[in-house]
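These are the residues of each chain, in order.
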Amino acid sequence: MARWCYRHRLVVLLLWVGALFGLGFSASTAGTDYANVFSLPDTDSKKAYDLMEKAFPASAGDTDTVVWKVDEGSVRDQDVRSRIQPALDEIAGMKGVGGVTGPYAADAAGAAQISGDGRIAYAQITFTEQANAVPKELVQDVVDTARGAGRDGLEVEVGGQAIQRVQEPPTGLAEMVGLAAAAVVLFLAFGSLYAMLLPLAVAVFGVGMGLFSTQLLSHVTDIPDLAPLLSSLIGLGVGIDYALFIVTRHRKGVLRGLDPEESTVVALNTSGRAVLFAGGTVCIALAGMLVTNLRFLDGVVIGTSLTVVLSVLAATTLLPALLGFLGARVLSRKQRRLLAATGPEPEKESGPAARWSMGVQRRPRTIAALALVVMAVLALPVLSLRLGATDQGNDDASTTTRKAYDLLAEGFGPGFNGPLQVVVDGGDATALTAGIKDTPGVAQVAALPPASGVTVIQVVPTTSPQSAETDTLIDRLRDDVIPEAGAQAHVGGVTAVSKDFATVTGDRLPLFIATIIGLGFLLLLVAFRSLVVPLTAAVMNLVAAAASFGVLVAVFQWGWGLDLLGLGKEGPINAFLPVIMLSLLFGLSMDYQVFLVSRMHEEWVHTRDNARAVRVGLAETSRVINSAALIMVCVFLAFVLSGDAGAAMAGVGLAAAVALDAFILRTALVPAAMHLLGDSNWWLPGWLEKRLPHLAVEPKEEPAPTTAGAGEGPASAVHGFVRNTAGEPVEDATVTLMSQGGRELDRVTSLADGSYILSVPAPGTYLLATTAAPPLLKRARQLTVAGEPLVYDVELEEAAEVS
């Protein structure tokens, strides 16, 4: 497949471009139909919602709020009223606004919209559509008209879901910032503009098609509006990382003398396989969210999994085609000149990564202890984790929604922003109302006129929607007050729904964790034929999760650094976030584990020397893993700019998780632990070995030796002459025999007559790379060696001038 894509690169590129533009056109024509469906069967808030829907069919439109405050006097003063009422009348006349209910009406309902001290009042705006469907132009007109009524001494703010949409940064800002940061890291890693652009192009195609497909699917299934943001977040990360792994392997092959086509085939046959495996593990981790049976997450699974699949497809088909267009230009000019002048780069263990790997081998106990201490300290805040839901009280203090929220809390009490609804369908509603009034933690109680035998009692708590005291009040109403009144009633409302959602999520979290850890254990068990490697990975995943959630609690729940990051006010952690974060963290950490341990396993198979396997594996993969992680961190942190509190929380949490996983666990704790465990890393009972299916993450590097006539020394040989196109012998040409995976097996220099001879470990298929001094062109060819020595003459052509 890789060779076909390389040779038919124009066809492949046109197919991808056509698919991207076709999906984009279809998606823009169809529009969006995202829906946040919180289905919580068998919960008290769901029963309350069902009764409300039956007895009081809600209006279709979203309801938002205009709040104003005077510094002196009263909002009833004529000079205040003369500014506010015309603005409300103008808003009421706008197309798309169903109505405006203000405080200046003559009835008692209007008077209730003015605070006790007379300094704060509010009006409710009802749109004809739900928040996501209200045109942003209309919402902006409402905001401008309302705030335009303000003056010195009169503050006017606007709050609500529709209003929140217009204060979000432009769509795509987070993605653009993430791509820009990734481009810088890639350029520093590769030193080549062309090589830098390859992973970015793969990510753009994968994420673009994933987002367009998710948008189209929103018309046939329930997909929450958070799904596109999370799809972008995870798609950009894995798309860039997967392409980075393949391009890094390809550049390594070219530097070692392979021609670009053969190097592409080798890269896709090795790192490409690992990418397929890693992408599969991410999708499996995401699918693990389905065991929670939370319908809200089903659409997230669909959107993110589809984006990951398309990113993997782009990395394994589009990337080889793009490599075909670049050829040797995937290297920097300096590298191309050096390769032409000095020949292939030999395998070597040097540089910071190799020195660090040697340090880990020398002091595994010290490094493991230090890493564990760091992770334990970061994990401590997780002990105070509290799940809940964010609201506009968590917005940045400079936003109009946050100011409106604070004004309502100041004028009408902190619980006014999250009233409870006690829905009564049997028993004495009057006695229940009286009982609720006498309950500690209740500020206001009002019973609405009954309809269809159902009475709704509006309850305003004395505490904010996110406080633990409000959760306690909900439990007290359900467990004590309602049973004592002898009524059949259920506690609902947004605050109660959030509490029930957090409770259900917390109850199902252990099953979810057990599921994804178990699946990961089985995958690594089959891939690496070891019980200890997957067990180590499972423990490390739990350690990384605990530490990353510790960081999340410290930042968003305790408020450390929130002002510096401009992320609003502290509050509980979104209830859905642990499930989403654990899925993504599990999938991404499995990626790094696969790339790290697959190289170690490859070396172990060749040498049966655990210390060398761990040292070489860490030295050769730590740089690319750290580069990939740094890109992930940049992409995730960019989502702080998304304007969505949930996406910002997920971005910070995932950035912390990836950084800790890559920079501490995979490059320090995991190799240190593997050095301490020794050969037991690769232990697998014989009975289990026979029963496990074979799943190769990378192709086997060395063919198995023949049994017939096996003896000392090589099984066969390749020999011949190196000549130029005129038939003249080429002296001092470097001839290298490599496995299909790019591992160097033997290297010689041609003699004065151009002759060479290479030893072959066993019959099989190999790569023969030949490089001579300029102006002769390097050449690589695939050879199949049988039991007898193979005669193969190499002809080198003159190369064009390197530019």
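Nothing here was measured: the structure is a model prediction, and the numbers come from that model.

Draft legend 1. Spotlight on a nonpolar patch on the surface. Residues Val184, Phe187, Leu188, Leu193, Tyr194 and Leu197 make up a contiguous nonpolar surface patch of roughly 600 Å² in combined accessible area. Looking at where Leu188 falls in the secondary structure, it is placed in helix α8 (residues 173-190). Take Leu188: its relative accessible area is 67%, and that puts it in the exposed class.

Draft legend 2. Geometry of the sheet that holds strand β1 (residues 63-70). Within the open sheet, the four strands sit side by side as β2-β3-β1-β4. Their pairing is antiparallel. Edge positions in the sheet fall to β2 (97-101) and β4 (154-159), since each has one partner strand and no second. The average angle at which neighbouring strand axes cross in this sheet is 20 degrees, direction not considered. Bridging between β2 and strand β3 (residues 120-127) involves four bridges; their strand directions are antiparallel. Note that in β3 the partner of Val100 across the bridge is Ile125. Packing against the sheet, helix α4 (residues 78-92) makes contact with β1, β2, β3 and β4, and its axis sits at approximately 160 degrees to β2. Packed onto the sheet, helix α16 (residues 400-412) meets β1, β3 and β4 and runs at close to 110 degrees relative to β4.

Draft legend 3. Just the sheet that holds strand β15 (residues 764-771), in detail. Spatially, the four strands line up as an open sheet ordered β13-β12-β15-β16, and their pairing is antiparallel. Among the strands making up the open sheet, the edge pair consists of β13 (744-749) and β16 (779-785). When strand polarity is set aside, the average angle formed by the axes of neighbouring strands in this sheet is 20 degrees.

Draft legend 4. Expanded view of helix α19 (residues 494-528). Over its 35 residues, α19 runs 48 Å from end to end, which matches the ideal 51 Å to within 8%, given 1.5 Å per residue. The largest bend along α19 measures about 40 degrees and falls at Leu509, with the proline Pro510 one to four residues further on. In the segment just after α19, Arg529 is the residue with positive phi, at about 50 degrees.

Draft legend 5. Focus on unusual backbone geometry. In this structure, Arg529 takes a positive phi of about 50 degrees despite not being glycine. One can find Arg529 in the loop between α19 and α20 (532-557). Its relative accessible area of 13% is what places Arg529 among the buried residues. Unusually for a residue other than glycine, Asp732 sits at a positive phi of about 65 degrees. Note on placement: Asp732 falls in the loop between β11 (716-724) and β12 (734-738).

Draft legend 6. Seen up close, the packing of aromatic side chains. Overall, the coordinates contain eight aromatic pairs when judged by the stated rule. A ring pair is formed by Trp68 and Tyr104, whose centres lie 6.1 Å apart and whose planes are at 40 degrees; its orientation type is tilted. Of this pair, Trp68 sits in strand β1 while Tyr104 is found in the loop between β2 and α5 (108-111), placing the two residues 36 residues apart along the sequence. Three or more aromatic residues joined by ring pairs make a cluster, and in this case those are Tyr122, Phe412 and Phe416. The ring of Tyr6 has Arg9 sitting right over it, with the charged end atom 5.4 Å from the ring centre. Looking at Arg329, its charged tip hangs above the ring of Tyr194, at a distance of 5.4 Å from the centre.

Draft legend 7. Representation of the pattern of salt bridges within the structure. Per the counting criterion, the structure on display carries 16 salt bridges. Residue Glu261 is joined to Arg3 by a salt bridge in which the shortest nitrogen-to-oxygen separation is 3.1 Å. Of this pair, Glu261 sits in helix α11 (residues 260-287) while Arg3 sits in helix α1 (residues 2-7), and the two are 258 residues apart along the sequence. Residue Glu410 pairs with Lys69 through a salt bridge whose shortest N-O separation is 2.9 Å. Of this pair, Glu410 sits in helix α16 while Lys69 sits in strand β1, placing them 341 residues apart in sequence. We classify Lys69 as buried; its relative accessible area is 15%.

Draft legend 8. Representation of the environment of Ala315 in the model. Here Ala315 shows up in helix α12 (residues 295-326). Given a relative accessible area of 0%, Ala315 falls into the buried group. Filtering out sequence-adjacent residues up to four positions away, Ala315 remains in contact with Val202, Tyr242, Ile246, Leu268, Val275 and Pro320.

Draft legend 9. Main features of the packing of helix α18 (residues 468-485) against α19. Where α18 contacts α19, the axes come no closer than 10 Å and their chain directions differ by 95 degrees. Regarding the angle of α18 to α19, the classification is roughly perpendicular. Residues Thr470, Asp471, Ile474, Asp475 and Arg478 of α18 touch α19, and the partners they reach there are Thr495, Ala496, Lys499 and Asp500. Its residues assigned to classes, the contact of α18 with α19 shows two nonpolar, two polar and five charged.

The rules we used
- Residues numbered from 1 in each chain as written.
- Predicted model: local features only at pLDDT ≥ 70, side-chain atom pairs only at ≥ 80, totals over all residues.
- Heavy atoms only, no water.
- Patch = residues over 30% accessible without salt bridge, like charges linked within 9 Å, V, L, I, M, F, W, Y side chains within 5 Å.
- Areas by Shrake-Rupley, 256 points an atom, 1.4 Å probe, with all protein chains shown as cover.
- Salt bridge = Lys/Arg side-chain N within 4 Å of Asp/Glu carboxyl O.
- Helix = DSSP H or I, 4+ residues; strand = E, 2+ residues; numbered from the N terminus.
- Buried < 20%, exposed > 50% of the residue type's maximum accessible area, 1.4 Å probe, protein only.
- Pairing = 2+ DSSP bridges.
- Axes fitted to C-alpha atoms, helices over the stretch in contact; angles between N-to-C directions.
- Contact = heavy atoms within 4.5 Å.
- Expected span 1.5 Å × (residues − 1).
- Bend = angle between axes of the 7 residues up to and from the residue.
- Phe/Tyr/Trp six-rings, centres within 6.5 Å; stacked < 30°, edge-to-face > 60°.
- Lys NZ or Arg CZ within 6 Å of the ring centre and 35° of its normal.
- Parallel < 35°, antiparallel > 145°, perpendicular 65-115°, else oblique.
- Nonpolar A, V, L, I, M, F, W, Y, C, P; charged D, E, K, R; others polar.

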